[in-house]
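# Coordinate analysis (summary)
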Amino acid sequence: MKKIVKLYSRPRCHLCETAREILEELQQDWNFTIEEINIDLDDELVEKYGIMIPVIELDGEELQYGIINKKFISEAFSRKNLEFRS
């Protein structure tokens, strides 16, 4: 079953764009779908994540926020037993 990785972001956020690119690169090795959520459309999300974005979440756990590191996320996917593409 394909997992969903949530990316909390907002428009015109260069760190968010970089995070999305990293996730798209990781999709070559890991079996998941990206669900990008614009926090600006939800006041509660703005309050929760306003200064933290981008935030990457898997199975309800925030894996990393701010400056996203590809190696760190890949290791987190491994720890979470995300399906690896062979």
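Look above for the structure.
In this report, we go over the structure that sits alongside the text. If you're wondering where the values come from, they're calculated on a predicted model, not measured in any experiment.

Thresholds, definitions, all that
Residues numbered from 1 in each chain as written. Predicted model: local features only at pLDDT ≥ 70, side-chain atom pairs only at ≥ 80, totals over all residues. Heavy atoms only, no water. Axes fitted to C-alpha atoms, helices over the stretch in contact; angles between N-to-C directions. Helix = DSSP H or I, 4+ residues; strand = E, 2+ residues; numbered from the N terminus. Parallel < 35°, antiparallel > 145°, perpendicular 65-115°, else oblique. Left-handed = near helix turned anticlockwise from the far one by under 90°. Contact = heavy atoms within 4.5 Å. Nonpolar A, V, L, I, M, F, W, Y, C, P; charged D, E, K, R; others polar. Salt bridge = Lys/Arg side-chain N within 4 Å of Asp/Glu carboxyl O. Buried < 20%, exposed > 50% of the residue type's maximum accessible area, 1.4 Å probe, protein only. Pairing = 2+ DSSP bridges.

As a further point, take the packing of helix 1 (residues 14-26) against helix 3 (residues 70-79). Where helix 1 meets helix 3, the axes come as close as 10 Å, and the angle between the chain directions of the two elements is 50°. When the axes of helix 1 and helix 3 are compared, the pair comes out oblique. The chirality of how helix 1 crosses helix 3 is right-handed. Only Lys70, Ile73, Ser74 and Phe77 of helix 3 make contact with helix 1, whose side of the interface consists of Ile22, Leu23, Glu25 and Leu26. Per-class residue counts for the contact of helix 1 with helix 3 are 5 nonpolar, 1 polar and 2 charged.

Right, let's get into the pattern of salt bridges. According to the stated counting rule, one finds 7 salt bridges in the structure shown. With a closest N to O distance of 2.7 Å, Arg10 and Asp40 form a salt bridge. Placement of the pair is Arg10 in the loop between strand 1 (3-9) and helix 1 and Asp40 in the loop between strand 2 (32-38) and helix 2 (43-49), with a sequence separation of 30 residues. Residue Asp40 is classed as partly exposed on the basis of its relative accessible area, which comes to 37%. Lys70 serves as the salt-bridge partner of Glu25, at 2.9 Å between the closest nitrogen and oxygen.

What follows deals with the pairing of strand 3 (residues 55-58). Within a regular strand, side chains alternate between the sheet's two faces. Of the two faces of strand 3, the one lined by Val55 and Glu57 and the one lined by Ile56 and Leu58 are each fully buried. As judged from the 4 bridges shared by strand 1 and strand 3, these two strands associate in the antiparallel manner. By the bridge assignment, Val5 is partnered in strand 3 with Leu58. Bridge count between strand 3 and strand 4 (residues 61-65): 4 bridges; the pairing is antiparallel. When the bridges of strand 4 are listed, Ile56 appears paired with Gln64.

Turning to the sheet that holds strand 4, a few remarks are in order. A sheet is described by the order of its strands in space; here 4 strands give the open sequence 2-1-3-4, paired in mixed fashion. At either end of the open sheet lies a strand with only one pairing partner, and these are strand 2 and strand 4. The average angle at which neighbouring strand axes cross in this sheet is 25°, direction not considered. Against the sheet, helix 3 touches strand 1, strand 2, strand 3 and strand 4, its axis set at about 165° to strand 4.

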